[in-house]
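The chain contents come next:
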Amino acid sequence: MGANASQLEKEIGSEQFPSNEHYFGLVNFGNTCYCNSVLQALYFCRPFREKVLQYKHQVKSLKKETLLTCLADLFYSVATQKKKVGTLAPKKFITRLRKENELFDNYMQQDAHEFLNYLLNTVADLLTAEKKGSQKTADTNCNLKPDPTWVHEIFQGTLTNETRCLNCETVSSKDEDFLDLSVDVEQNTSITHCLRGFSNTETLCSEHKYYCEVCCSKQEAQKRMRVKKLPQILALHLKRFKYMEHLNRYIKVSYRVVFPLELRLFNTSDDAFNPERLYDLVAVVVHCGSGPNRGHYISIVKSHGFWLLFDDDIVDKIDASQIEEFYGVPSDMHKTSSESGYILFYQSRDEMK
Amino acid sequence: MAAQSEGGGKDDIKTHFVTREGSYKLMTHSEYSKPSRVAFNGQTNTPVKVSFVDVNDGTASPDRLCFNVGRELYVYVYKGVHKAVDLTKPIDKRIYKGTLPTCHDFNQHYFSPESVLLLVGFTAGQVQLIDPIKKEISKLYNEERLIDKTKVTCIKWIPSSLNQFLVSHSSGQMYLYNEELPCGQTPPNYQPFKQGDGFSVYTCKTKSTRNPMYRWVIGQGAINEFAFSPCSKYLAVVSQDGHLRVFQYSTMDLLGTMKSFFGGLLCVNWSPDGKYIVTGGEDDLVTVWSFHEKRVVCRGHGHRSWVNMVAFDPYTSIVCDETVSDVLGPDGEVLSGRTAPGVLTDGSNHISKPDLTGCSQDYTANNLPQQQPNGRHVSTSNHYSPSTLETSTTLNCISYRFGSVGQDTELCLWDLTEDILKQPYGKSRTSSVGLAGINSSSSQSLPRSNSLPSSQKSNSVASVVANDVSSNAYADGHAHPIQNAVMNASSKFATLSVSDRKDEKKEHKRNFSLAARNSEKSSVVKSNNVRPVDSAMKLYGTQACPRLDQVPILEPLVCKKVSHERLTSISFRNECIVTACQEGIILTWARPEKPRDGAE
């Protein structure tokens, strides 16, 4: 491990090594790579890291232990290491996670996307609850939607769901918020294409008919979902685990889905606030192996212009050209097993100040 | 394998497709590949490229074909559409160790039936010159990798010179070599020669005695491809930083810039008359840029993944006499001596062979006024039945055909017609065009849903589209004449004072180039480059990188899945279209028999 760490330092070079940056691998506590990979990716989503560290400074040790305090302690511990590279054991965080959610209270491989969802929602809930607690007296109107927390400011976007009744042609639209988008994958496509597919028009008919309030009856309708507000960090989940009824289990689809280092969205609504946002890829959680409950997770992140691969306690510098190894498998041969991008984190460039 | 029925197999692989000029058919007997096929394991990632040369040996098969696959390189007699391939008899076959061939180019001036010159570039940066027929010559350049250690991405003979060639690398650098000069035993010493917005050129201090003669440093990250204009005066370069840059080759002046919608640009090609450039890239789009107007003319959406190669079809592009003068008038261009419409053979032969003598004079002269590309290179053709023409085409006599292939395994053909070329910039498209573009990936898209009389807020798409251009908060800031915007940006960069330098360096560090490893060594050079953040953000909404609603979106004439594997190459020949895929299979698509088939 020590050899690995110093080698990384050597490879980056002391002059090139960014000041105030630390690259620390995380020890695996028995199939906790789903957790390690997501934590590393989030650590290198700079706006998120900064807010977590701020939180650590705000709340002093008196606080009751929560998943958020454990996360803040972990990030703080990485950020304040004397050494630039090394290994840390996220023991407190894992213990807390297992205590709080029985889903994660075992030694099985878990779904990294499920964990990301759980973590972001839990942190958001904790922040909302804290805000409420401190503002109890001032805030009398409890029915209002809670103020957005910094988790929402970073990850939350808005989808608009447009439905057109095929009988009266009325279009109704409904907005819903998201913290990440889950997209279907197809063989030999790009993430751009998968996002277009996400916003394809769908016809609601037969048993899925739509209740039209103008017609006051169930009608055939067409619907599509497009992005109305683009988040600061766009998290894209590739639906690589498909339930196969005849096998009675999930299998992995290792399709080759390319993802560019720079991205704009095509599937924005016409009244979108900020459709022109230009995103840069900052982190990718990669699934290696053949199924959701086996295999391994690693993550690749961009830091100060170069790319790093975090594989639990091992950290390597990689060349940007090696990212193509994580697109997936182009032909049907090694179909079920691959090292393929699973969650992509794109950060809006206007926020990269 | 149980899962095999799923996914890739569900779309049939097409063996023919129909355009307005007729039906293109796959010639199964004209399929080139390795002599013995082994199961493809998807592991080789160097794209399979194809090069041709016509050795003019007086036989029915004068063409020679070269392709690379994995660590191997093959040269065959290309027998075209009529005769079957004999894969057991390649003219030359080479297997490399430790370094893989990535690209190659035949010298189009020095050839005979007994001797051709072929340049090959490699993944570790080396360049080889071979004669695959005579097998006598074999020279190596950058053998010790002292000039550049990174992958060769594109290699071309200089069309206006007999012994010089240009080699681009994934380091973002491009080198001019003279075939006859040695590469030296020490790393070259460079001195600045020319500098401009986003690029700089260096000469080797001892350039008279060793290679490279010039080193170009362009943009951030890899140079992915470059192409000389048909008149060989201009050089178009596309890079991983998403920029197309067009230079006057002899003076090394930057004449124009375009930025992708997002992501790297992977390929570039000139129209046969040198007026337009088409690019393809990681935004899944093909983008047409007008060289004379210096603006994006349109974008094409049809591919479902990145576009690996684009090429104009000189044999199907049409320019009619009657309307030509109208169109070219504003540019002050006079075309003379062109062939009349309908003469296919003469016109097309001119295209593949640029008028070398005419251009080489200009090549040596410095500071030439920007010259018009030679109009004679436009092919004229009417080898399809007029009855199948759409009405718009008969009215518009200008029509360029180009093709593109992508990682989606699909081949797209596109028609670029006068109504698109003449559409003024920034005018909102009709909503039907725009929505067709947005919806075109869905099979049951609902164009009707977008023009609803609706009492609901502003959810009627039609009204929103109409408003979009004027009401978009970003419109006013960016929608002004592009030329100025670009110019301002460039002059600002050029005059960066010393006090600005610190900031610049800082910013540079944050956006360190893609090929980080390599650029470390040339940090002095790189600090002069345009900062990608600035240029990508600054160009957006201008004619160099319009918003989606500012230019028309083209739909492909044909979009067909023709392979199981990613397509890597397309070339248009007189009788056929030739495509290649990552697996190393070269397909020949016979053009429609003229003109009877057209009516289908």
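Residues numbered from 1 in each chain as written. Chains lettered and ligands numbered in written order. Predicted model: local features only at pLDDT ≥ 70, side-chain atom pairs only at ≥ 80, totals over all residues.

**Student:** What is the right way to read the overall build of chain B from this model?
**Tutor:** Within chain B one finds 13 helices and 33 strands. When the 600 residues of chain B are sorted by exposure, 49% land in the buried category. Look at the contacts in chain B between residues 6 or more apart in sequence, and 62% of them connect residues 24 or more apart. (Helix = DSSP H or I, 4+ residues; strand = E, 2+ residues; numbered from the N terminus. Buried ≥ 20, exposed ≤ 12 C-beta atoms within 10 Å, placed from the backbone. Contact = placed C-beta atoms within 7 Å.)

**Student:** What am I meant to see in the overall build of chain A here?
**Tutor:** Broken down by element type, chain A carries 8 helices and 20 strands. What you see for chain A is a C-alpha radius of gyration of 22 Å, in line with the 20 Å of a compact globule of 353 residues. With the C-alpha coordinates of chain A rotated into their principal frame, the extents come out at 70 × 65 × 40 Å. Here the contacts in chain A between residues at least 6 apart in sequence split such that 68% fall between residues at least 24 apart. (Rg over C-alpha atoms; globule rule 2.2 N^0.38 Å.)

**Student:** Would you mind going over the sheet that holds strand 14 (residues 190-196) of chain B with me for this structure?
**Tutor:** Strand pairing in a sheet is mediated by backbone hydrogen bonds. Such pairs are either parallel or antiparallel. Residue and element names in this part refer to chain B. A sheet is described by the order of its strands in space; here 6 strands give the open sequence 11-12-13-16-15-14, paired in antiparallel fashion. Edge strands, defined here as strands with exactly one partner in the open sheet, are strand 11 (152-157) and strand 14. Neighbour-to-neighbour, the strand axes of this sheet turn through a mean angle of 20 degrees, independent of strand direction. The pairing of strand 11 with strand 12 (residues 164-169) spans 5 bridges and is classified as antiparallel. Bridged to Trp157 within strand 12 is Phe165. (Pairing = 2+ DSSP bridges. Axes fitted to C-alpha atoms, helices over the stretch in contact; angles between N-to-C directions.)

**Student:** Even after reading the chapter, I still don't get the environment of Asp270(A), so can you show me in this structure?
**Tutor:** Residue and element names in this part refer to chain A. Among the structural elements, Asp270 can be located in the loop between strand 15 (262-263) and strand 16 (279-289). Of the residues examined, Asp270 has 26 C-beta atoms within 10 Å and is grouped as buried. Here the alpha-carbon distance between Asp270 and Glu245, two residues 25 residues apart in the chain, equals 39 Å.

**Student:** Any chance you could explain the packing of helix 3 (residues 46-58) of chain A against helix 4 (residues 67-79) of chain A here in plain terms?
**Tutor:** Helix-helix packing is described using two parameters, namely the angle between the two axes and the distance between the axes. All names here are of chain A. At their nearest, the axes of helix 3 and helix 4 sit 8 Å apart, and the two run at 105 degrees to each other. The pairing of helix 3 with helix 4 is recorded here as roughly perpendicular in orientation. Counting all contacts with helix 3, which are made through Arg49, Val52, Leu53, Tyr55 and Lys56, the residues of helix 4 involved are Leu68, Leu71, Ala72, Asp73, Phe75, Tyr76 and Ala79. In terms of residue class, the contact of helix 3 with helix 4 is built from 9 nonpolar, no polar and 3 charged. (Parallel < 35°, antiparallel > 145°, perpendicular 65-115°, else oblique. Nonpolar A, V, L, I, M, F, W, Y, C, P; charged D, E, K, R; others polar.)

**Student:** Hey, could you run me through the UniProt feature "repeat: WD" (unreviewed entry) in chain B in this one?
**Tutor:** Under the UniProt annotation, the feature "repeat: WD" (unreviewed entry) is placed at residues 258-299 of chain B. In residues 258-299 of chain B, helix accounts for 0% and strand for 60%; the two terminal C-alpha atoms are 12 Å from one another. (UniProt positions renumbered as here; feature names shortened; annotations may be inferred.)

**Student:** Help me out: how do you make sense of the packing of helix 4 of chain A against helix 5 (residues 91-100) of chain A in this one?
**Tutor:** Residues and elements named next belong to chain A. It is the contact of helix 4 with helix 5, at a shortest axis distance of 9 Å, that shows an interaxial angle of 165 degrees. One way to sum up the angle between helix 4 and helix 5 is to call them roughly antiparallel. Two packed elements cross with a definite hand, and for helix 4 against helix 5 that hand is left-handed. Seen from helix 4, the contacting residues are Leu67, Cys70, Leu71, Asp73 and Leu74; seen from helix 5, they are Lys92, Phe93, Arg96, Leu97 and Glu100. By residue class, the composition of the contact of helix 4 with helix 5 is 6 nonpolar, no polar and 4 charged. (Left-handed = near helix turned anticlockwise from the far one by under 90°.)

**Student:** So what exactly am I meant to see when it comes to the sheet that holds strand 22 (residues 276-281) of chain B here?
**Tutor:** Residue and element names in this part refer to chain B. Pairing within the open sheet is mixed, and its 5 strands lie in the order 21-22-23-24-29. Sheet topology places strand 21 (265-270) and strand 29 (553-554) at the edges, where each strand pairs with a single neighbour. Pairing geometry for strand 22 and strand 23 (residues 285-290), over 5 bridges, is antiparallel. Along strand 23, the bridge assignment pairs Gly280 with Val286.

**Student:** Would you mind showing me how to read helix 3 of chain A here?
**Tutor:** The α-helix advances 3.6 residues per turn, and as a result positions three or four apart in sequence lie on the same side. Residues and elements named next belong to chain A. With 13 residues, helix 3 ought to run about 18 Å at 1.5 Å a step, and its terminal C-alpha atoms sit 18 Å apart, in line with that. Of the residues making up helix 3, those classed as buried are Phe48, Lys51, Val52, Tyr55 and Lys56. An end-on view of helix 3 places all buried positions within 145 degrees of arc, on one side of the element. Exposed residues on helix 3 whose side chains face more than 90 degrees from its buried face are Gln54 and His57. Those residues of helix 3 hidden inside the fold are in contact with helix 2 (33-43), helix 4 and helix 7 (150-155). (Expected span 1.5 Å × (residues − 1). Arc of directions from axis to C-beta.)

**Student:** Mind showing me how you'd approach the nonpolar core here?
**Tutor:** Here is a general trend for soluble globular proteins: nonpolar side chains tend to be buried in one another's company. Counting 210 residues, the largest nonpolar core has Val38(A), Phe345(A), Phe67(B), Phe226(B), Ala236(B) and Ile277(B) as its most contacted members. Ignoring any residue separated from it by four or fewer positions in sequence, one finds Phe67(B) in contact with Tyr32(B), Val48(B), Lys49(B), Val50(B), Tyr74(B), Ala580(B), Gly584(B) and Ile586(B). (Core = buried A, V, L, I, M, F, W, Y, C linked by C-beta atoms within 7 Å.)

**Student:** Honestly, the pairing of strand 17 (residues 296-303) of chain A in this entry has me stumped. Any pointers?
**Tutor:** Two faces make up the sheet, and in a regular strand the side chains alternate between them. All names here are of chain A. In terms of burial, strand 17 is a largely internal element, 6 of the 8 residues being buried. Bridge count between strand 16 and strand 17: 6 bridges; the pairing is antiparallel. Looking at the pairing, Cys288 lines up with His296 of strand 17. Hairpin remark: strand 16 followed by strand 17, antiparallel, with 6 residues in the connecting loop; positive phi at Gly295, about 85 degrees. Both strand 17 and strand 18 (residues 306-311) contribute to a ladder of 5 bridges, which runs antiparallel. By the bridge assignment for strand 18, Ser303 is matched with Phe306. Where strand 17 folds back onto strand 18 in an antiparallel hairpin, the turn is made up of 2 residues, including His304, whose phi is positive at roughly 50 degrees.

**Student:** Honestly, unusual backbone geometry in this entry has me stumped. Any pointers?
**Tutor:** Residues Asn211(B) and Pro212(B) are joined by a peptide bond in cis, for which omega reads -10 degrees. Along the polypeptide, Pro212(B) turns up in the loop between strand 15 (199-204) and strand 16 (214-218). The backbone phi angle of His304(A) is positive, close to 50 degrees, even though this residue is not glycine. Mapped onto the fold, His304(A) is located in the loop between strand 17 and strand 18. Since 16 C-beta atoms lie within 10 Å of it, His304(A) is described here as partly exposed. Positive phi, close to 65 degrees, is recorded for Ser232(B), a residue that is not glycine.

**Student:** What is the right way to look at the environment of Gln109(A) in this model?
**Tutor:** Residue and element names in this part refer to chain A. On the secondary structure map, Gln109 appears in the loop between helix 5 and helix 6 (112-135). The exposure class of Gln109 is buried, given the 20 C-beta atoms found within 10 Å. Linking Gln109 and Gly291, residues 182 residues apart in sequence, is a C-alpha distance of 9.7 Å. Apart from the residues within four sequence positions on either side, Gln109 is in contact with Asn31, Tyr34, Asn293, Arg294 and Gly295.

**Student:** What am I meant to see in the environment of Tyr190(B) here?
**Tutor:** Residues and elements named next belong to chain B. Here Tyr190 lies in strand 14. Classification of Tyr190 by C-beta neighbours within 10 Å gives buried; the count is 20. Sequence separation between Tyr190 and Pro212 is 22 residues, and the spatial gap between their C-alpha atoms is 9.7 Å. Dropping the residues within four chain positions of it, Tyr190 is found in contact with Tyr202, Thr203, Cys204 and Arg215.

**Student:** I keep staring at helix 2 of chain A and nothing clicks. Help me out?
**Tutor:** Helix 2 of chain A sits mainly inside the fold: 11 of its 11 residues count as buried. All buried positions along helix 2 of chain A are accounted for by Cys33(A), Tyr34(A), Cys35(A), Asn36(A), Ser37(A), Val38(A), Leu39(A), Gln40(A), Ala41(A), Leu42(A) and Tyr43(A).

**Student:** Can you help me understand the confidence of the model for chain B in this one?
**Tutor:** Any residue range with low pLDDT should be treated as having predicted coordinates unsuitable for detailed reading. Residue and element names in this part refer to chain B. Summing up the model confidence of chain B, the mean pLDDT is 74 and the portion of residues at 70 or higher is 64%. Of the regions scoring below 50 in pLDDT, residues 1-10 engages in 11 contacts with residues more than four places distant in sequence or in other chains. pLDDT under 50 marks residues 428-533. Its contacts with residues more than four places away, or in other chains, come to 154 contacts. Among the scores for the predicted complex, ipTM is 0.93 and pTM is 0.81. (pLDDT = per-residue confidence, 0-100.)

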